[in-house]
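# Residue-level structure breakdown
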Amino acid sequence: MSARLIPPSTELTQPYWDATRREQLVIQQCADCADRIFPPRARCPKCGSAQLEWQPVSGRGVIYTYTVARRAPHPVLAEQCPITIAVVELEEGPRMISNLTGCDPNEVEVGMAVQVAFEAIDDSDVVLPVFKQA
Ligand SMILES: [Zn+2]
């Protein structure tokens, strides 16, 4: 468990947060053109279809880029600094902004293989997907 800023859940994103509570990572896939989509959208950005389905993904990816926050961007995060904020390119294609945990920020490299992990947030029913070195 850790303290974090709680991301808002909306009708659009509810299936995503329901899945993270089951420790499963899901993204949308277009039923018409098969494009894989993240972050969640109401329509496919490639073909405009509203026929989007939630599909589990492997949780494997690589670091596309990252930064290290050594000063907390919010007081609730102060005890967690330094925080490695990464753009992870999922094996299935889409990129996801998340945190890289359990890894010395000085050892992070672009292209490093990572695997999703799940972190319960204090005083909430939110489970955040984070990434660890694979
Ligand atoms: Zn589409």
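Provided above is the structure to which this section pertains.
In this text, all values refer to a predicted model and were calculated from it rather than measured experimentally.

This part takes up the pairing of strand S4 (residues 60-69). In the sheet, S4 pairs with strand S7 (residues 113-120) via three bridges, with the strands oriented antiparallel. Considered in S7, the bridge of Gly61 is made with Val114. Where S4 and strand S5 (residues 83-90) come together, eight bridges link them in antiparallel fashion. Residue pairing across strands places Ala69 opposite Ile83, the latter belonging to S5.

Turning our eyes to something else, we now look at the nonpolar core. Side chains of nonpolar character tend, in soluble globular proteins, to be buried together. Counting 25 residues, the largest nonpolar core has Leu25, Met96, Leu100 and Phe131 as the members making the most contacts within it. Elements with a contribution of two residues or more to this core: helix H1 (14-21), strand S1 (26-30), S5, strand S6 (95-100), S7 and strand S8 (127-133). In contact with Leu100, not counting residues within four places along its chain, are Ile63, Thr84, Val108, Met112, Val114, Phe131, Lys132 and Gln133.

Let us now look at the layout of surface pockets. One number sums up the size of the largest pocket: a volume of about 670 Å³. Around the largest pocket, the lining is made up of 25 residues, and of these Arg4, Ile97, Ser98, Asn99 and Leu128 lie nearest the centre. Those elements giving two or more residues to the lining of the largest pocket turn out to be H1, S5, S6 and S8. In terms of residue count, the dominant contributor to the lining of the largest pocket is S6 (five residues).

The rules behind each value
- Residues numbered from 1 in each chain as written.
- Predicted model: local features only at pLDDT ≥ 70, side-chain atom pairs only at ≥ 80, totals over all residues.
- Heavy atoms only, no water.
- Pairing = 2+ DSSP bridges.
- Helix = DSSP H or I, 4+ residues; strand = E, 2+ residues; numbered from the N terminus.
- Core = buried A, V, L, I, M, F, W, Y, C linked by side-chain atoms within 4.5 Å.
- Buried < 20%, exposed > 50% of the residue type's maximum accessible area, 1.4 Å probe, protein only.
- Contact = heavy atoms within 4.5 Å.
- 1 Å grid on protein atoms, 1.4 Å probe; cavity = no way out; pocket = protein on both sides within 12 Å on 5 of 7 lines; lining within 4 Å.
- Points joined across faces, edges and corners; volume = space filled by probe spheres on them.

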